[in-house]
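Single-letter residue listing:
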2 protein chains.
Amino acid sequence: MHEVDKGYFTEDNSAEVVISRIAESTDPRLSEVVAAITRHMHAAVKEIEPTQEEWFKAIQFLTQTGHKSDDWRQEFILLSDIFGVSMLVDAINNRKPSGASESTVLGPFHIPDVPELPMGANICLDGKGHPMLIKGRILSTDGSPISGAKIDVWQTNDDGFYDVQQKGIQPEFNLRGVFRTGDDGAYHFWGAKPRFYPIPDDGPVGKLLGALGRHPNRPAHLHYILEADGFETLVTHIFDPDDEYINSDAVFGVKESLLAKFDLIEDSERIKEEGAEGPFYEVVHNFVLAPEK
Amino acid sequence: MHEVDKGYFTEDNSAEVVISRIAESTDPRLSEVVAAITRHMHAAVKEIEPTQEEWFKAIQFLTQTGHKSDDWRQEFILLSDIFGVSMLVDAINNRKPSGASESTVLGPFHIPDVPELPMGANICLDGKGHPMLIKGRILSTDGSPISGAKIDVWQTNDDGFYDVQQKGIQPEFNLRGVFRTGDDGAYHFWGAKPRFYPIPDDGPVGKLLGALGRHPNRPAHLHYILEADGFETLVTHIFDPDDEYINSDAVFGVKESLLAKFDLIEDSERIKEEGAEGPFYEVVHNFVLAPEK
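The shown structure was predicted, so the numbers you read here are calculated from the model rather than taken from an experiment. (Residues numbered from 1 in each chain as written. Chains lettered and ligands numbered in written order. Predicted model: local features only at pLDDT ≥ 70, side-chain atom pairs only at ≥ 80, totals over all residues.)

Novice: Which parts of the structure should I look at to understand the pairing of strand E2 (residues 150-155) of chain B?
Specialist: Look at any regular strand and the pattern is simple: side chains alternate between the two faces of the sheet. Residues and elements named next belong to chain B. The element E2 is extensively covered by neighbouring structure, given that five of its six residues are classed as buried. Pairing of E2 with strand E3 (residues 176-180), which is carried by five bridges, proceeds in the antiparallel orientation. When the bridges of E3 are listed, Val-153 appears paired with Gly-177. (Buried ≥ 20, exposed ≤ 12 C-beta atoms within 10 Å, placed from the backbone. Helix = DSSP H or I, 4+ residues; strand = E, 2+ residues; numbered from the N terminus. Pairing = 2+ DSSP bridges.)

Encoded structure:
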């Protein structure tokens, strides 16, 4: 006790000494957060017992991660992603009532102000890949359809890139759209079967992934933001369960409930009925929104 | 179990899922370190329950800390310092047998190849501050004097700066020296009473210190590296116990055993005997080196 009172450091009381220095006037939330980080960080160091060289390697890694980050590249978010921290923060902030669709990470490729399209529109503007019909309903947890729900969807093209990654190559707003449900809560639109793609792996985070024997790929998915008056906004994906990386998403975004079914439709009657030019993939997926608290 | 096997993420099993992705071929030490960091990081996030905004503030803080770091400034080391992590790593790597002098952090101001001086030399080349006589013996844990021990010492001048921080203002090698003990293990040299000084606080780490109600100052001290054949090298400080910041070192470097005594000598006999021009400070401090394992 004597030593803690004086603020002198020992290996045993290290975290307590650091925490004891937080002034009482400190913002209570900051104080709580810094105390928790200090306790867990000291516990990790005591467990790991890094050598001075290992400690310095960690310092260098963090420095390189900072240097790789700029207005266009956020390497610390990638670091958070590959450690599952982004998904954990998402999970903590989006606990859903039973029966509601689950959330997953937003990712860096959403853009605002995408034009609203009529139901049934084709968002695949580059004509690449396998045509895909996506349809279903937006429902409340009590099973009733939600009218006027806004569906904001975006996905990669068949080369595994979002339009914003290939400005001048892909058409503007390629594979993005905003739709609004009618009274039946139903939606349908055409896209292209999405493809897996790697997160940027030419920086320190990619190097770490490699050293851990992990690949940088995200399994094929569509992104959604679903909004409706009186309901919690849902940020989520749906995934292709047959993607080769479905069990090893580099950023841990996959949840069992987010697996959709991508059915290849080859039946000529159905092809004709949907006005398609040939075989297409069909994804039927309902989303269930939680009522606003 | 089923979900962990498939690698799907839930709030409960988050750390386990991330750890399960580390390939078996991974370097065992890297695997161990990453698993420990993952476990402690997820535990911290679960305790803190950050909002998305708080998480992003943390991302921005780390990014700014990286951007502030360059060849001359290491803001991540400062961050490690003010969280007591640098001291903890030092403590873990320098557990000393009973009776041996304790270590503390090296700090960023050591330079190699400082000229060796004859015992009794005055390392205060700018003539500023209060003259100070430092003397004592370098001993083994069995009490016997260590012959040929190399004493590498450095300290601030009376303005609170190291020579390397004021190139062109302070003389080269001001308040630095290397001495070597004779058979009696004794040392003595002249310096100037050191002063407290702030760690660099114009970056994100300084801002955090301010938000926590903490000052950036280190209490007055002298730095030492002590080396002798057959003994563990000791990196340490001695501190002025009367410094106003002695109980609140910004980097937690103070240990009770590192407190020296800085006595003001005003007795004219002693002044004459030591060849001083007036009153001076005297610090008598023995260092005890641990035998090499």
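The discussion continues.
Novice: How should the sheet that holds strand E3 (residues 176-180) of chain A be read in this particular structure?
Specialist: Consider a sheet: its strands pair through backbone hydrogen bonds, and that pairing is either parallel or antiparallel. Residue and element names in this part refer to chain A. As summarised here, the arrangement of the four strands in space is E3-E2-E7-E8, forming an open sheet in which the pairing is antiparallel. Since the sheet does not close on itself, it has two edges, and those belong to E3 and strand E8 (234-239), each with one partner. Across this sheet, the average inter-strand angle for adjacent strands is 20°, counted without regard to direction. (Axes fitted to C-alpha atoms, helices over the stretch in contact; angles between N-to-C directions.)

Novice: What's the story with the relation of the copies chain B and chain A in this structure? I'm lost.
Specialist: Taken together, a rotation about one axis and a shift along it account for how the two chain copies relate. Superposing chain B onto chain A takes a rotation of 180° combined with a translation of 0.0 Å along the rotation axis, leaving an RMSD of 0.0 Å. Here the copies are linked by what is in effect a two-fold axis. In terms of C-alpha distance to the rotation axis, chain B has Gly-66 of chain B as its closest residue, with the C-alpha 2.0 Å off the axis. Interface residue correspondence from chain B to chain A reaches 100%, placing this contact among same-surface, isologous pairings. (Least-squares fit on C-alpha atoms with pLDDT ≥ 70 in both. Contact = placed C-beta atoms within 7 Å.)

Novice: For this particular structure, what's the right way to read the environment of Leu-209 of chain A?
Specialist: Residues and elements named next belong to chain A. With respect to the helices, strands and loops of the structure, Leu-209 is situated in helix H7 (residues 204-211). With 19 C-beta atoms counted inside 10 Å, the residue Leu-209 sits in the partly exposed group. When the C-alpha positions of Leu-209 and Ile-138 are compared, they lie 37 Å apart, and in sequence the two are 71 residues distant.

Novice: Hey, could you run me through the domain arrangement of chain A in this one?
Specialist: It is common to report an interface's size as the accessible area lost on association of the parts. Taken domain by domain, chain A consists of domain 1 (1-49) and domain 2 (98-199 + 209-289). Here the C-alpha centroids of domain 1 of chain A and domain 2 of chain A sit 46 Å apart. (Domains from an automatic or database assignment.)

Novice: When you look at helix H4 (residues 52-68) of chain A in this model, what are you seeing that I'm missing?
Specialist: Think of an α-helix as 3.6 residues a turn; residues three or four steps apart then line up on the same face. In a regular helix each residue adds 1.5 Å, so 17 residues correspond to 24 Å; H4 of chain A covers 24 Å between its end C-alpha atoms and thus fits that length. Buried within H4 of chain A are the following residues: Trp-55, Leu-62, Thr-63, Thr-65, Gly-66 and Lys-68 of chain A. (Expected span 1.5 Å × (residues − 1).)

Novice: How do you make sense of helix H5 (residues 75-82) of chain B when you look at a structure like this?
Specialist: With eight of eight residues buried, H5 of chain B is to be regarded as a mostly interior element. Considered for burial, the residues of H5 of chain B that qualify are Glu-75, Phe-76, Ile-77, Leu-78, Leu-79, Ser-80, Asp-81 and Ile-82 of chain B. On its buried face, H5 of chain B sits against H4 of chain A together with helix H4 (52-68), helix H6 (85-93) and helix H7 (204-211) of chain B.

Novice: Would you mind showing me how to read the sheet that holds strand E8 (residues 234-239) of chain B here?
Specialist: Residues and elements named next belong to chain B. Strands sit in the order E3-E2-E7-E8 across an open sheet of four strands; the sheet is antiparallel. Across the chains shown, the open sheet's two edge strands, defined by having one partner strand only, are E3 and E8. On average, each strand axis in the sheet is tilted by 20° relative to the strand beside it, whichever way the strands run. Of the pairings in the sheet, the one linking E2 to strand E7 (residues 221-227) comprises six bridges and is antiparallel in character. Each bridged residue has a counterpart across the sheet, and for Gln-155 the counterpart in E7 is Leu-222.

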